[in-house]
Amino acid sequence: MIKFFLMVNKQGQTRLSRYYEHVEINKRAMLEAEVIKSCLSRSKDECSFVEYKDFKLVYRQYAALFIVVGIDQTENEIAVYELIHNFVEVLDKYFSRVSELDVSFSIMFNLDRVHIILDEMLLNGCIVETNQNRILAPLFVLDKVAEG
Amino acid sequence: MPAPIRLRELIRTIRTARTQAEEREMIQKECAAIRSSFREEDNTYRCRNVAKLLYMHMLGYPAHFGQLECLKLIASQKFTDKRIGYLGAMLLLDERQDVHLLMTNCIKNDLNHSTQYVQGLALCTLGCMGSSEMCRDLAGEVEKLLKTSNSYLRKKAALCAVHVIRKVPELMEMFLPATKNLLNEKNHGVLHTSVVLLTEMCERSPDMLAHFRKLVPQLVRILKNLIMSGYSPEHDVSGISDPFLQVRILRLLRILGRNDDDSSEAMNDILAQVATNTETSKNVGNAILYETVLTIMDIKSESGLRVLAINILGRFLLNNDKNIRYVALTSLLKTVQTDHNAVQRHRSTIVDCLKDLDVSIKRRAMELSFALVNGNNVRGMMKELLYFLDSCEPEFKADCASGIFLAAEKYAPSKRWHIDTIMRVLTTAGSYVRDDAVPNLIQLITNSVEMHAYTVQRLYKAILGDYSQQPLVQVASWCIGEYGDLLVSGQCEEEEPIQVTEDEVLDILESVLISNMSASVTRGYALTAIMKLSTRFTCTVNRIKKVVSIYGSSIDVELQQRAVEYNALFKKYDHMRPALLERMPVMEKVTTNGPAEIVQTNGETETAVLETKPPPSGLQPANQANDLLDLLGGSDITPVIPTAPTREPASAGGELLDLLGDLNLTGIPSITAYNKNGLKIDFTFERSNTNPSVTVITIQASNSTELDMTDFVFQAAVPKTFQLQLLSPSSSVIPAFNSGTITQVIKVLNPQKQQLRMRIKLTYNHKGSAMQDLAEVNNFPPQSWQ
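Rules used in this analysis
Within each chain, residue numbers correspond to sequence positions counted from 1 in written order. All chains are assigned letters beginning with A, and all ligands numbers beginning with 1, in the order in which they are written. Under the rules for a predicted model, residues below a pLDDT of 70 receive no local features and side-chain atom pairs below 80 are neither given nor counted, while totals for whole chains, interfaces and linings still include all residues. Hydrogens are left out, water is left out, and the side-chain values use all remaining heavy atoms of the structure. At least two bridges found by DSSP between two strands is the condition for calling them paired. Secondary structure elements follow DSSP: runs of H or I of four or more residues count as helices, runs of E of two or more count as strands, with numbering from the N terminus. Only C-alpha atoms enter the line fits that serve as axes; for helices the fit covers just the stretch in contact. Angles between N-to-C directions range over 0 to 180 degrees. Contacts were defined at the residue level, with two residues in contact if any of their heavy atoms lie within 4.5 Å. Note on definitions: buried area is the accessible-area loss of two parts on being combined, 1.4 Å probe, summed for both. One speaks of a salt bridge when a side-chain nitrogen belonging to Lys or Arg is within 4 Å of a carboxyl oxygen belonging to Asp or Glu. Nine residue types can take part in a nonpolar core, namely buried Ala, Val, Leu, Ile, Met, Phe, Trp, Tyr and Cys, and a core is a set of them joined through side-chain atoms within 4.5 Å. Each residue's exposure class comes from its accessible area (1.4 Å probe, protein chains only) as a fraction of the maximum for that residue type: buried when under 20%, exposed when over 50%, partly exposed otherwise. Helix span, expected: 1.5 Å multiplied by one less than the number of residues in the helix. Helix crossings are classified by the rotation of the near helix relative to the far one: an anticlockwise turn of less than a right angle makes the crossing left-handed, while a clockwise turn makes it right-handed. Just so you know the grouping, Ala, Val, Leu, Ile, Met, Phe, Trp, Tyr, Cys and Pro go in nonpolar, Asp, Glu, Lys and Arg go in charged, and all remaining residues, Gly too, go in polar. A score between 0 and 100, pLDDT records how confident the predictor is in each residue. Here a pair means two rings of Phe, Tyr or Trp (six-membered ring of Trp) with centres within 6.5 Å. Their orientation is stacked below 30 degrees between planes, edge-to-face above 60, and tilted elsewhere. Put simply, angles under 35 degrees are roughly parallel, angles over 145 are roughly antiparallel, angles from 65 to 115 are roughly perpendicular, and the rest are oblique.

### Some remarks on the sheet that holds strand β5 (residues 65-71) of chain A
Residue and element names in this part refer to chain A. Here we have five strands laid out as an open sheet, ordered β2-β1-β5-β4-β3, and antiparallel in their pairing. Strand pairing shows two members of the sheet lacking a second neighbour, β2 (14-19) and β3 (49-52), which therefore form its edges. Strand-to-strand twist of the sheet, defined as the mean angle between neighbouring strand axes without regard to direction, takes the value 20 degrees. Bridge count for strand β4 (residues 55-62) against β5 is seven bridges, and the pairing is antiparallel. The residue bridging V58 from the neighbouring strand is V69, located in β5.

### Focus: the interface of chain B and chain A
Taken together, the 58 residues of chain B in the interface contact 52 residues of chain A. The largest per-residue losses of area from chain B upon contact with chain A belong to M58(B), F244(B) and N323(B), which jointly make up 13% of the total buried on that side. The interface formed by chain B and chain A includes six salt bridges. Its salt-bridge partner being D358(B), residue R42(A) comes within 3.2 Å of it at the nearest N-O pair.

### Description of the nonpolar core
Membership of the largest hydrophobic core comes to 258 residues, with the highest contact counts inside it found for F5(A) and F87(A). Among the elements that take part in this core, helix α2 (residues 77-95) of chain A stands out by supplying eleven residues, more than any other. Residues M709(B), F714(B), I734(B) and L762(B) belong to the second largest nonpolar core, which totals 31 residues.

### A short note on helix α12 (residues 216-228) of chain B
Residues and elements named next belong to chain B. Counted at 1.5 Å a residue, the expected span for α12 with its 13 residues is 18 Å, and the 18 Å between its end C-alpha atoms agrees. Of the positions making up α12, those classed as buried are V216, Q218, L219, V220, I222, L223 and L226. In this structure, the buried side of α12 is in contact with α10 (188-204), α11 (206-212), β2 (240-241), α13 (243-257) and α14 (261-277).

### Considering the packing of helix α8 (residues 132-146) of chain B against helix α9 (residues 151-167) of chain B
Residue and element names in this part refer to chain B. Their axes nearest at 9 Å, the elements α8 and α9 cross at an angle of 150 degrees. Remark: the crossing between α8 and α9 carries left-handed chirality. Here S132, C135, A139, V142, L145 and L146 of α8 lie close against α9, whose contacting residues are L153, R154, A157, A158, C160, A161, H163, V164 and K167. A per-class count over the contact of α8 with α9 returns eleven nonpolar, two polar and two charged.

### Quick look at helix α16 (residues 303-317) of chain B
Between its first and last C-alpha, α16(B) extends 21 Å over 15 residues, near the 21 Å set by a 1.5 Å rise per residue. Buried residues along α16(B) sit against α14, α15 (283-298), α17 (322-335), α18 (340-344) and α19 (347-353) of chain B.

### Some remarks on the side chain of R83(B)
Here R83(B) shows up in helix α5 (residues 79-92). Classification of R83(B) by relative accessible area gives buried; the value is 6%. Once residues lying within four places of it in the same chain are set aside, the contact partners of R83(B) are I116(A), D119(A), L142(A) and L121(B).

### Quick look at the confidence of the model for chain B
Residue and element names in this part refer to chain B. Per-residue confidence for chain B gives a mean pLDDT of 79, with 89% of residues at or over 70. Between residues 591-665, whose pLDDT stays under 50, and residues either more than four places distant or in other chains, the model counts 120 contacts. For this predicted complex, the interface score ipTM comes out at 0.79, alongside a pTM of 0.64.

### Observations regarding the packing of aromatic side chains
All names here are of chain A. Summed over all chains, the structure comprises 15 aromatic pairs over all chains. Their ring planes at 75 degrees and their centres at 4.9 Å tell us that F5 and F87 sit as a pair that is edge-to-face. Placement of the pair is F5 in strand β1 (residues 2-9) and F87 in helix α2, with a sequence separation of 82 residues. Assessed through its relative accessible area of 2%, F5 is described here as buried.

### Quick notes on the packing of helix α26 (residues 470-489) of chain B against helix α27 (residues 502-514) of chain B
All names here are of chain B. Two elements in contact, α26 and α27, have axes separated by 11 Å at closest approach and are oriented at 165 degrees. If you check the angle between α26 and α27, you find them roughly antiparallel. In this structure, the crossing between α26 and α27 has a hand that is left-handed. Of the residues in α27, those touching α26 at V473, S477, I480, L487 and V488 are E502, V505, L509 and V512. Partitioning the contact of α26 with α27 into residue classes produces seven nonpolar, one polar and one charged.

### Points about the environment of K545(B)
Position of K545(B) relative to the elements: it lies in helix α29 (residues 541-550). Along the backbone, K545(B) and K571(B) are 26 residues apart, and their C-alpha atoms lie at a distance of 9.8 Å.

This is the structure we're talking about:
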């Protein structure tokens, strides 16, 4: 099961955080800082799986943004690695151009949208939907309603 | 009041803050504005305010005053409001707050809403943070939605059901009928979540598991379609059709096939097919292969399939991608217990991984290497592992050292090799060795009698250069104290003996005592060693006396106490000194003391408990002059004390395991067990205070004839309810005219407190002919076994 889903930039600022298992709010900042520290200290050649306390971190770097997912022992690490990439592709599709600079901006200013996308993909730590069109369908509806 | 700012504005403003304090100020100002807006019950902008609140919550600021507002948003009719409201509920609320119960009614209404997206929202929220009360109330609605034909809702309902089952396990039965045709769906989202639901139900209840086993053929069929279907644009990820679903199905198959032959057999074909047909060039393919391997190893698959799986892992090990190698090492670690031989084939690749730069991979490779060490490869593996110990990061050194000690103890091909390996570990990673390793090492060294001279010489050379590594210095000091006489007499056979004088030895021990780097414990070891040398060295006793008296006023209380006691030994009890500081006898390994060590089986089964050791054949090599076991007399080196069976063994060291210290030596009469043809055998008894069913019998064999008896072997047998352990005899020659005796220790375990009986067999050579006799001993005094 997926314990948490984080998007953190290189300076350690959290861009998105979603916890599927309850963590106290004051512990969250510390957790995020430690997690990003262990991910940043690894070089490009090292593998993307880090053992942290009693769960594993799967992380992927996209330019200045790190996506880190915490999983427990029952998950297939490589599948989660692919899931992260799927998520980024969905974001790309929705925001139409997720490039070096725009990544943080688009995500930051549309945080609620990103949460909705994440909710369509993951529910309570399990994968719901991986097909990109089906994930984005409710969002397009929402956008239409918001405009009208 | 001006309209509250939009979320974007807020974010932009916060980004301009240059310090943490500035940011905090901005946030507080905005919080105040939001609070007053909430107080005014402003419907239009509530949505916007809550969105901002969520953002601030993410940054780590408290946002609990927005919880009620979320509820109000949920109750609103506008979709945008509901959206933010539910999101806020998921982020800000959990079952610890009482407020969440108020949501129940809203969710219930929304679950029956006309718009599927609203229903979806409700399902999502319930599935994320519903408490057990909410789940109980709403389970019926969820179950209804599980049966709907709308795939968008069905998939969410399935995961919501998973959450309900986790919270309220009794409700699992309720969802059973709905699962009947879940797998008939074409929609992959529904399939995926249905498989998750089935997995959850199977994991929770063995009855469900048995019930769902009949679904195996259907799952196999779905998997087959996925593989064979060719390109499908909907589900394609890098050329493979819906890998996430494949992985999920494989996992469910794993759970269904575990411990069940029929299901496992039904899966064999499809597993083989997936294993051979999946593209390995892309990462997704590897994910599927990984899951397949895990499944094959877990179910009762045929051996050909298992070999296939291990070969896949072997190929993973050679892959350039670190992630794949990591995953391979992890899986191999899981399977090494069951398929030991197959994994051994990949040993060289695994050992190469020890040299990898990546920390995660190194750790896995180290654990796996220890699991692979066995009697055949121990020399080669140890070389690699020692090299690894030299070069690895400090966080590994402690684990590696402990692992090496364990492996060396189990598989050492020779005592000398064992001692050499220990020396190597102590000198390279000396400061990382765990504290409990020191007594184990000392015990090991004591027990390898013939290596004493060699060991002490090497240890001496090791600390000559550098005495900063505490465990090394501790072991070395202890050995020098015990075997210092061997050191100065240059008796080493194994290697070139070095010329050491007594003064040089004392120099090094004194430097350890003085050095700032020595820990208090180490100083204790050194002082005791110096004291022991007073009986083993001849010319430097005065120097020792001087050193000991200096420490009588040491600030360290432990040192001071020891020094004062040793001083007293010199002054008032000098006649007891040799006896007290005698050589230590061979120690028994007590597995109950100290931290429990996990015994790795490496393909063999072992039980390592002291009590159940089967009685040895009783034939100790008679030529091993094992004078260290002579408990009642002195050894050759130090003067013999008049036999006193109640001698307290030397407790000057204090830090060592000492089983004999608590023997009850009061008044059990000794018996003559055998007396024939000039051979007399006496039994003396001791009972242990700690273990009342153990009786320690010491036999003494004497010879009153005029010729020696040689090659004497004593064997004993006891009834089935007892257990017997014979230790090595003191020698195999009984000199004539009662001028000496052979002693041997027998331990009898008598848990049922039955009357002790023993049958003994004696073989020896006398007057040029071989003699043999059998006898029964029935005259055991009651105190020896009651």
